[in-house]
Amino acid sequence: SLANPLSFFIFIFGIPGFGACWYGMLLLCFMVSFEMCLILCKRKKLFALAGAFLITFSAFFQWWSYVSWIVYGQALLVCCYYFITTNILWKKTLLALGIGVSGAAYICTLYPAWIVPAGYLFIVLFIWMVIDKWKTIKSFKWKEWTLFASGVIFGLTIVFAYLQANYEYMNAIMQTVYPGTRLSQGGMSLPLIFNYFQTPLYPYVNVGNPCEAGTFISLYPVATLMGIYYWFRSKKKDLLLTLLL
């Protein structure tokens, strides 16, 4: 159950909990996306609000029926960031718990085609956080390190319990043609980068499979070109921009 935290709505409220579980993912995505964008945009609330809307109401998130790994991956980073920056012990305790649960929920999505490439991005953002807050991290005492380690270990126990409970099912499904022996090396997807032009039309126009055609409104390659221009023109190189490029 901890591998899918929103399922507790069902345990508490019964049948009505299914609605809370469903819409809870939508609300949670908006909340953690707002916090993630606040961190990335240096507390500029208007930019963070725009980012939360662009992620939560993107064609990708909506057409894939609310993608949990987007939520839990961001939640993991948000919990890590505030664990580093807050000085209040009880908040660190709750954040350590959040690190364990969100990290476990991300892994237990068990969809490598998504969580592996997305993991590259999340690792880059985590590296930026560590480097950016290195002075604060170096000042951690044994209490902070114990709490952080406890959160990580707690998350690993959730993953272990989840894999153990689902071993028979996973072993059976790996014997199937799909998805058991499915093999994909990627490719043939570059045109998808520009799908943001057409995504608003998906409710009204037949595009075959709107899920697989769904993307984020990124205005690519505008941001990348602006980032490269800014990187070369600025004397002091922005660490986050460097890592993302």
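Anyway, here's the lowdown on the structure attached to this text. (Residues numbered from 1 in each chain as written. Predicted model: local features only at pLDDT ≥ 70, side-chain atom pairs only at ≥ 80, totals over all residues. Heavy atoms only, no water.)

### Section: the overall build of the protein chain
Helix and strand counts for the protein chain stand at 12 helices and 0 strands. If you list the helices and strands of the protein chain from N to C, you get α-α-α-α-α-α-α-α-α-α-α-α. Its C-alpha radius of gyration of 20 Å places the protein chain within 12% of the 18 Å reference for a compact globule of 245 residues. Principal-axis analysis of the C-alpha atoms gives the protein chain an extent of 55 × 50 × 35 Å. Across the 245 residues that make up the protein chain, the buried fraction comes to 34%. Considering only residue pairs separated by 6 or more positions, the protein chain has 61% of its internal contacts joining residues 24 or more positions apart. Separation between the mean location of the 16 positive side-chain charges and that of the 6 negative ones in the protein chain comes to 16 Å. (Helix = DSSP H or I, 4+ residues; strand = E, 2+ residues; numbered from the N terminus. Rg over C-alpha atoms; globule rule 2.2 N^0.38 Å. Buried < 20%, exposed > 50% of the residue type's maximum accessible area, 1.4 Å probe, protein only. Contact = heavy atoms within 4.5 Å. Lys, Arg positive; Asp, Glu negative; His and termini not counted. Charge placed at Lys NZ, Arg CZ, Asp CG, Glu CD.)

### Concerning the packing of helix α5 (residues 68–85) against helix α6 (residues 89–107)
Contact geometry of α5 with α6 gives a least axis separation of 8 Å together with a crossing angle of 155 degrees. By the criterion of interaxial angle, the relationship of α5 to α6 is roughly antiparallel. Here α5 and α6 pass one another in a crossing that is left-handed. When α5 is examined against α6, the residues Trp69, Tyr72, Gly73, Ala75, Leu76, Cys79, Cys80, Tyr82, Phe83 and Ile84 are found in contact with a partner set consisting of Lys92, Leu95, Ala96, Gly98, Ile99, Ser102, Gly103, Ala105 and Tyr106. Here the contact of α5 with α6 is built from residues that sort into 14 nonpolar, 4 polar and 1 charged. (Axes fitted to C-alpha atoms, helices over the stretch in contact; angles between N-to-C directions. Parallel < 35°, antiparallel > 145°, perpendicular 65-115°, else oblique. Left-handed = near helix turned anticlockwise from the far one by under 90°. Nonpolar A, V, L, I, M, F, W, Y, C, P; charged D, E, K, R; others polar.)

### A few points about unusual backbone geometry
For the peptide bond that leads from Tyr178 to Pro179, omega is 5 degrees, which places it in the cis range. The topology assignment puts Pro179 in the loop between α10 (167–173) and α11 (222–233). With an omega of 5 degrees, the peptide bond running from Tyr220 to Pro221 counts as cis. Tracing the backbone shows Pro221 in the loop between α10 and α11. Located in the positive-phi region is Lys42, a residue other than glycine, with phi close to 55 degrees. Residue position: Lys42 is located in the loop between α2 (16–40) and α3 (45–56). A positive phi angle is found at Arg43, which is not glycine, with a value near 70 degrees.

### Details of the nonpolar core
Among the nonpolar cores identified, the biggest contains 44 residues, and Phe61, Trp69 and Ile70 are the most heavily contacted of them. Elements supplying a minimum of two residues to this core: α2, α3, α4 (59–63), α5, α6 and α7 (112–132). Sort the elements by how many residues they give to this core and α5 lands first, with 13 residues. Contact partners of Ile70, with chain neighbours within four places excluded, come to Cys29, Ile55, Phe60, Phe61 and Phe216. Formed by 6 residues, the second largest nonpolar core is a distinct cluster that contains Ala3, Val101, Ala104 and Ile158. (Core = buried A, V, L, I, M, F, W, Y, C linked by side-chain atoms within 4.5 Å.)

### Considerations on α3
Every α-helix winds through 3.6 residues per turn, so residues three or four apart in the chain are directed the same way. Helix length check: α3, at 12 residues, gives a terminal C-alpha distance of 16 Å against a target of 16 Å (1.5 Å per residue), a fit within 8%. Residues Ala48, Gly51, Ala52, Ile55 and Thr56 constitute the buried set of α3. All buried residues of α3 lie within an arc of 115 degrees about the axis, which places them on one face of the element. α3 presents Leu46 and Phe47 as exposed residues on the side facing more than 90 degrees away from its buried surface. Packed against the buried residues of α3 are α2, α4 and α5. (Expected span 1.5 Å × (residues − 1). Arc of directions from axis to C-beta.)

### Some points on α6
Here α6 contains 19 residues, and its C-alpha end-to-end distance of 27 Å stays within 8% of the 27 Å for a straight helix at 1.5 Å per residue. Taken together, the buried positions of α6 are Lys92, Leu95, Ala96, Gly98, Ile99, Gly100, Val101, Ser102, Gly103, Ala104, Ala105 and Tyr106. In this structure, the buried residues of α6 make contact with α5, α7 and α9 (142–165).

### Some points on the environment of Ile15
Looking at the element boundaries, Ile15 is found in the loop between α1 (8–13) and α2. You can call Ile15 exposed: its relative accessible area is 70%. As for Ile15 and Gly227, which are separated by 212 residues in sequence, their C-alpha atoms are 48 Å apart.

Without other data, these values stay purely geometric and don't point to any function.
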